[in-house]
Amino acid sequence: MRFWRSNVRADVDDEFQFHVQERIDDLVARGMDPRAAREEAIRAFGDIDNVKSTCRDIADEQETEMRRSETLGILQQDATYALRMMRANPSLTAAIVLTLALGIGATTAIFSVVDAVLLQPLPYVNADRIMLLNETLAGGRGQASTGHFTDWSENAHSFSAMSASQGRTVNITDGEPVRLSGSRATPSYFQVLYMPPQLGRYFLPNETEASRVVVISYDVWQTRFAGDSAVVGKEMTLNGEKHTIVGVTPAAFSLTTFSPRLWTPLSFTPEQRTNYGAHFLTVLGRLKPGATVEQARREIGRVTEDIRRRAPDNMKDRGFQVNVYAEILVEGLRTQLMVLLVAVTFVLLIGCGNVASLLLARATARRKEIAIRGALGGHRGRLVRQLLTESFLLALVGGVAGLLVAKLGVRFLVSMGPAFVPRLTQAGLHVDVLLFALAATLVCGVLFGLAPALRATRVNLQSELREGGRGSSGVVRDRARGALIVTEIAITLVLLVSAGLFLRSAQRLQDVPLGFDPGGVTMVRVALPQDRYQEPPAVEAAFTRIVENVRAIPGVQSAAAATRVPMWGGSIDFGVNVQGRAGGRTNQKLGHARLVTPQFIETLRIPLKRGRVLSDADMRAGAPWVLVVNETFARQVFGDEDPIGKRVSGWTKDSMPEWREIVGIVGDVRAFGQETDIPPEMYIPMTQAPFGSWNSFQRNMTIVARARPGTMIAPALRKAVAAVDPLLPLFDLQTMDEVLAQSTAQRAFNTMLLALLGLTGLILAAIGIYGVIAFFVSQRTHEIGVRVALGASTGSIIGMVVRQALVLSGVGIVVGAVAAVWATRVLGTMLFQVGARDPVAYVVSASALLVVALGASWLPARRAARVDPVRALASAG
């Protein structure tokens with residue numbers, strides 16, 4: 001007896017034994033001795049073992065081919081029948097395919113972003129061995145000094161290479177003037193972040209700033225040089241100086257839109273190599289083969305402690321960090337993207353629940369068909385396989401449609417996603433993403449197909465055929481579909497609570513006072529090249545003329561310039577000493593410097609608290625050195641003292657102070673965003689810039705202009721700058737409202753996606769509730785007819801139906817609330833001034849679900865109330 005498949009070896013042995021025995025019997029019948037007859041029979045067959053092996057191979061091939069043919073035939077039959085069923089129920093098929101397309105497509109789109117940003121390795125060679133080295137100040141991560149970089153690179157032997165770089169922006173005046181983000185980098189930079197160059201080479205070890213060479217990005221090669229293969233060796237003008245292009249990086253080298261677009265060499269003088277006070281370098285290192293991160297941290301720690309002994313004044317509250325570069329790049333993004341992936345998976349599960357509910361309803365309607373097929377000899381496994389084939393075919397069609405949704409979804413995510421997300425533009429339907437979509441499709445087929453298939457084939461043949469599907473089994477309440485709806489509601493509540501928490505957080509963020517009025521203000525940045533604006537008077541004169549031209553634009557109410565505006569650009573801070581107090585680095589207070597022109601405070605409408613603002617008189621040569629500070633500076637430096645009239649000095653050596661009198665205090669401004677602490681700030685007249693500061697500010701200022709409502713001044717701004725110097729490019733031209741939006745782009749993006757997913761889940765839950773209640777009404781039509789015939793009122797019938805929906809919703813909300821308390825714990829670090837258990841989010845989400853449940857059950861309830869008892873009783877007979 002064979003229960004699985006035929007035993008080829010035993011069959012061949014039986015066949016040969018039969019033929020040998022037949023020959024033996026024939027020889028014995030001729031008078032031969034049985035022993036001799038057996039030997040003769042075996043000899044006549046020749047090499048019987050070899051023949052048996054050949055026969056077994058042939059039999060195995062035939063068996064395999066037969067089973068393959070049988071399996072393919074069955075699959076073809078099942079698929080053909082499934083297609084007929086899909087054509088026979090077009091509305092049901094369309095509903096299932098659309099639901100799956102939305103769920104699978106959205107999940108695949110989010111996964112494509114997760115895959116590109118988190119899962120794929122960085123494009124550099126051995127990227128997992130690239131480390132980011134930082135100095136820390138009071139625990140916060142910062143940049144390194146030239147002295148730290150020098151000591152680390154010379155004394156930490158765990159690294160095969162270590163590089164330093166400094167970001168900057170560069171004027172390109174070949175052709176149309178443009179300002180590009182760039183970087184000054186040591187030649188070892190491309191050893192650490194190594195990828196084979198697209199063209200040419202990278203920096204040589206002995207190349208310095210004086211070499212006047214530049215490596216350009218793939219993007220610059222395409223946009224400025226039209227992909228010219230002969231670009232290596234050509235010259236381009238950077239800040240007025242000719243540089244020779246020596247190489248082009250591959251397209252994948254730049255990870256974000258904010259990545260540098262070109263690189264020039266960086267080297268240090270002997271004096272800079274011993275400077276531990278200026279912190280402006282990004283340091284990267286590549287571990288040697290066999291070296292570990294912990295080993296590198298011990299070595300960097302040893303070198304840093306040696307620096308602390310030699311330069312204690314520069315090491316107050318300072319430490320170090322060594323982290324894997326790839327992990328730092330996605331720091332803060334990993335949790336957010338995984339939350340979005342889990343949320344969209346929840347939506348897919350809700351969709352699968354709806355599909356399973358629909359298939360359960362159809363399975364109930366097909367009970368008689370299943371019973372007949374069983375009575376004709378179809379065993380349960382065969383019937384289950386048929387129904388699963390239908391489910392998988394529906395899932396495959398939904399998956400194919402989902403790829404179209406995913407393609408649109410990826411485009412949306414890439415276009416709407418924050419620009420600083422690394423490798424976001426590389427998200428797409430790559431091979432691994434397609435494999436994920438296939439796996440999601442197959443899992444969906446199992447999730448929504450298995451339960452209906454098992455449920456449909458669990459029938460009593462005799463009772464089903466005898467009752468014709470009209471007996472009591474047809475009106476039994478479907479607990480499985482009820483459980484599905486409870487699960488859907490619970491998952492939907494988790495989504496709604498999460499979205500509600502983000503919305504509440506966004507609301508709290510909007511309520512944070514900015515300290516200035518961004519409405520109607522346009523900003524644009526202008527950087528002066530050093531070759532034509534080397535001395536401070538030339539820089540100041542150029543910016544003064546630009547501001548005057550902008551003020552003359554029709555519709556402009558006021559205009560000014562500053563080295564930094566709120567929420568945009570980098571910042572320079574330095575220690576400040578107070579006249580009359582003990583000096584030294586240990587007694588200094590930190591202040592962020594802003595070089596400004598008159599009317600800057602007025603243009604942004606920063607409120608004046610005490611004293612006065614800066615005036616044109618403060619800009620004249622020989623005017624007393626003054627500054628205006630914000631309230632945080634006044635509080636941190638002077639405490640309860642009145643700072644007006646006090647004098648402070650900074651930037652310079654303690655032995656050569658530059659005393660400046662505080663003439664005004666203005667309100668605090670959210671300089672670095674609404675979620676960060678307010679820094680102590682100093683507003684210094686542009687013409688009183690500290691010595692050498694224009695080099696640090698890269699001769700870069702931001703022009704701000706407040707215009708009357710409805711006035712477009714962007715074209716006029718270009719003309720105003722070109723009138724001073726036609727070779728000056730404008731960059732970062734935008735309104736302050738756009739700057740504000742960009743500062744909260746990541747949070748707004750997450751909130752928007754979660755809100756969309758929560759709304760989608762709510763709609764799917766409503767569809768599911770409607771389907772269950774409608775099925776409940778159709779199955780109990782006879783009972784409702786009897787109730788109406790016996791005098792039941794319309795209200796009692798509606799109440800009976802609506803009560804069913806409320807019971808399911810209530811159980812789902814309770815389960816979902818418990819799940820939400822547990823699930824939203826991971827959102828704590830992503831929220832702003834809102835707790836993960838915020839009661840408003842829970843109450844509003846639960847109320848919304850109850851309202852949707854009532855609305856979804858109302859139509860079936862009204863239909864039930866209009867049941868004609870005569871027709872209901874007649875159809876049941």
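Residues numbered from 1 in each chain as written. Predicted model: local features only at pLDDT ≥ 70, side-chain atom pairs only at ≥ 80, totals over all residues. Heavy atoms only, no water.

(A) Local environment of the overall build of the protein. The number of helices and strands found in the protein is 26 helices and 23 strands. Across the 877 residues that make up the protein, the buried fraction comes to 49%. Partitioning the intrachain contacts of the protein with sequence separation of at least 6 by distance along the chain shows that 82% fall at a separation of at least 24. For the protein, the accessible surface area stands at approximately 41,100 Å², while carbon and sulfur atoms represent 57% of it. (Helix = DSSP H or I, 4+ residues; strand = E, 2+ residues; numbered from the N terminus. Buried < 20%, exposed > 50% of the residue type's maximum accessible area, 1.4 Å probe, protein only. Contact = heavy atoms within 4.5 Å. Areas by Shrake-Rupley, 256 points an atom, 1.4 Å probe, with all protein chains shown as cover.)

(B) Layout of the pattern of salt bridges. In this structure the tally under the stated criterion is 26 salt bridges. Salt-bridge contacts for Asp 732 lead to Arg 525; the nearest nitrogen and oxygen are separated by 2.9 Å. Of this pair, Asp 732 sits in strand β23 (residues 730-735) while Arg 525 sits in strand β13 (residues 521-527), and the two are 207 residues apart along the sequence. Owing to a relative accessible area of 17%, Arg 525 belongs among the buried residues under this scheme. Measuring nitrogen to oxygen at the nearest pair gives 3.4 Å for the salt bridge that ties Arg 660 to Glu 658. (Salt bridge = Lys/Arg side-chain N within 4 Å of Asp/Glu carboxyl O.)

(C) Spotlight on the state of the cysteines. This model, assessed by the stated rule, comprises 0 disulfides. A disulfide-free cysteine, Cys 352 has its sulfur positioned 3.4 Å from the sulfur of Cys 444, the nearest such atom. We classify Cys 352 as buried; its relative accessible area is 4%. By relative accessible area, Cys 444 is classed as buried at 2%. (Disulfide = S-S within 2.5 Å.)

(D) Examining the side chain of Asp 618 more closely. Mapped onto the elements of the fold, Asp 618 is located in the loop between β17 (608-611) and β18 (626-630). For Asp 618, a relative accessible area of 5% corresponds to the buried category. Beyond its immediate sequence surroundings of up to four residues, Asp 618 is in contact with Arg 612, Val 613, Ala 623, Val 626, Pro 685, Thr 687 and Gln 688.

(E) Seen up close, the packing of helix α24 (residues 794-823) against helix α25 (residues 839-865). At their nearest, the axes of α24 and α25 sit 8 Å apart, and the two run at 155° to each other. On the basis of their axis angle, the class for α24 and α25 is roughly antiparallel. With respect to the hand of their crossing, α24 and α25 are arranged in right-handed fashion. (Axes fitted to C-alpha atoms, helices over the stretch in contact; angles between N-to-C directions. Parallel < 35°, antiparallel > 145°, perpendicular 65-115°, else oblique. Left-handed = near helix turned anticlockwise from the far one by under 90°.)

(F) The arrangement of the packing of aromatic side chains in detail. Counted by the stated rule, this structure contains 15 aromatic pairs. For the ring pair Tyr 124 and Phe 253, a centre distance of 5.3 Å and an interplane angle of 75° mean the geometry is edge-to-face. With a gap of 129 residues between them, Tyr 124 in the loop between α4 (90-119) and β1 (130-137) and Phe 253 in the loop between β9 (241-248) and β10 (262-265) connect regions that are remote in the sequence. Each member of the aromatic cluster is reached from another via a ring pair, and the members are Tyr 124, Tyr 189, Phe 190, Tyr 194, Tyr 202, Phe 203, Phe 253 and Trp 263. (Phe/Tyr/Trp six-rings, centres within 6.5 Å; stacked < 30°, edge-to-face > 60°.)

(G) Inspection of the nonpolar core at higher detail. Membership of the largest hydrophobic core comes to 70 residues, with the highest contact counts inside it found for Ile 110, Val 117, Ile 769 and Val 801. Looking at this core, the elements that each hand over two or more residues are α4, α10 (333-365), α12 (380-416), α15 (479-511), α22 (745-779), α24 and α25. Other than its neighbours up to four places away in sequence, Ile 769 contacts Ile 485, Ile 489, Ala 805, Ser 809, Ala 853 and Ala 856. Residues Phe 638, Phe 697, Ile 703 and Leu 728 belong to the second largest nonpolar core, which totals 45 residues. (Core = buried A, V, L, I, M, F, W, Y, C linked by side-chain atoms within 4.5 Å.)

(H) Quick look at helix α2 (residues 34-45). Helix length check: α2, at 12 residues, gives a terminal C-alpha distance of 17 Å against a target of 16 Å (1.5 Å per residue), a fit within 8%. For α2, the N-terminal capping position is held by Asp 33, with its side-chain oxygen 3.1 Å away from the main-chain nitrogen of Arg 35. (Expected span 1.5 Å × (residues − 1). Polar contact = N/O pair within 3.5 Å; in protein donor to acceptor, adjacent residues only side chain to side chain.)

(I) Just the environment of Phe 749, in detail. Locating Phe 749 in the fold gives a position in helix α22. Spatially, the C-alpha atom of Phe 749 lies 6.5 Å from that of Gly 417, the residues being 332 residues apart in sequence. Beyond its immediate stretch of four places on either side in the chain, Phe 749 contacts Leu 413, Met 416, Gly 417 and Pro 418.

(J) Inspection of unusual backbone geometry at higher detail. Look at Arg 212: it is not a glycine, yet its phi comes out positive at around 55°. The backbone of Gln 698 sits at a positive phi, close to 55°, despite the residue not being glycine. Mapped onto the elements of the fold, Gln 698 is located in the loop between α19 (693-696) and β22 (700-707).

(K) How the structure looks around the confidence of the model for the protein. Confidence in the prediction for the protein averages 83 pLDDT; 88% of positions are at 70 or higher. Across residues 468-477 the pLDDT falls below 50, and counting only partners more than four positions away or on other chains, this stretch makes 16 contacts in the model. (pLDDT = per-residue confidence, 0-100.)

(L) A look at a nonpolar patch on the surface. Among the surface-exposed residues, Leu 396, Val 431, Leu 435, Leu 438 and Leu 442 lie close enough to one another that they form a single nonpolar patch of about 460 Å² accessible area. For the nonpolar patch, the leading source of residues is helix α13 (residues 431-456), giving 4 residues. Structurally, Leu 442 can be placed in helix α13. Residue classification places Leu 442 among the partly exposed residues on the basis of a relative accessible area of 38%. (Patch = residues over 30% accessible without salt bridge, like charges linked within 9 Å, V, L, I, M, F, W, Y side chains within 5 Å.)

(M) Quick peek at the pairing of β13. Within β13, 7 of the 7 residues are buried, which leaves it mostly tucked inside the rest of the structure. Alternating residues of β13 divide into Val 521, Met 523, Arg 525 and Ala 527 and Thr 522, Val 524 and Val 526, and every residue in both groups is buried. Bridge count between β13 and β22: 7 bridges; the pairing is antiparallel. Paired with Thr 522 across the strands is Ala 705, a residue of β22. (Pairing = 2+ DSSP bridges.)

(N) Representation of the pairing of strand β15 (residues 572-578) in the model. Of all 7 residues in β15, 5 are buried; the element is thus mostly enclosed. Bridge analysis of β15 against strand β16 (residues 589-596) gives 5 bridges, and the strand direction is antiparallel. The residue bridging Val 576 from the neighbouring strand is Lys 589, located in β16. Here β15 runs beside strand β19 (residues 647-650); their pairing, made up of 3 bridges, is antiparallel. Along β19, the bridge assignment pairs Val 578 with Val 648.

(O) Representation of helix α18 (residues 631-638). Thr 632, Phe 633, Ala 634, Val 637 and Phe 638 are the residues of α18 that are buried. Buried residues belonging to α18 abut β15, β16, β18, β19, β20 (660-666) and β21 (681-685). The first or second residue beyond α18 is Gly 639, which carries a positive phi of 60°.

(P) Inspection of the side chain of Arg 286 at higher detail. As for its placement among the helices and strands, Arg 286 is situated in strand β11 (residues 279-287). Of the side chains with opposite charge, Asp 128 lies nearest to the buried Arg 286, which makes no salt bridge, at 6.6 Å. Not counting chain neighbours up to four residues away, the residues in contact with Arg 286 comprise Val 125, Asn 126, Arg 129, Ile 130, Ser 158, Phe 159, Ser 160, Ala 161, Gln 191, Val 192 and Tyr 194. (Lys, Arg positive; Asp, Glu negative; His and termini not counted.)

(Q) View of the packing of helix α5 (residues 146-155) against helix α8 (residues 293-310). Packing of α5 against α8 leaves a shortest axis separation of 10 Å and a crossing angle of 135°. The angle between α5 and α8 falls in the class oblique. Where α5 crosses over α8, the handedness of that crossing is right-handed. Contacts between α5 and α8 involve His 148, Asp 151, Trp 152 and Asn 155 on the former and, on the latter, Ile 300, Arg 302, Val 303, Thr 304, Ile 307 and Arg 310. The residue makeup of the contact of α5 with α8, split by class, is 4 nonpolar, 3 polar and 3 charged. (Nonpolar A, V, L, I, M, F, W, Y, C, P; charged D, E, K, R; others polar.)

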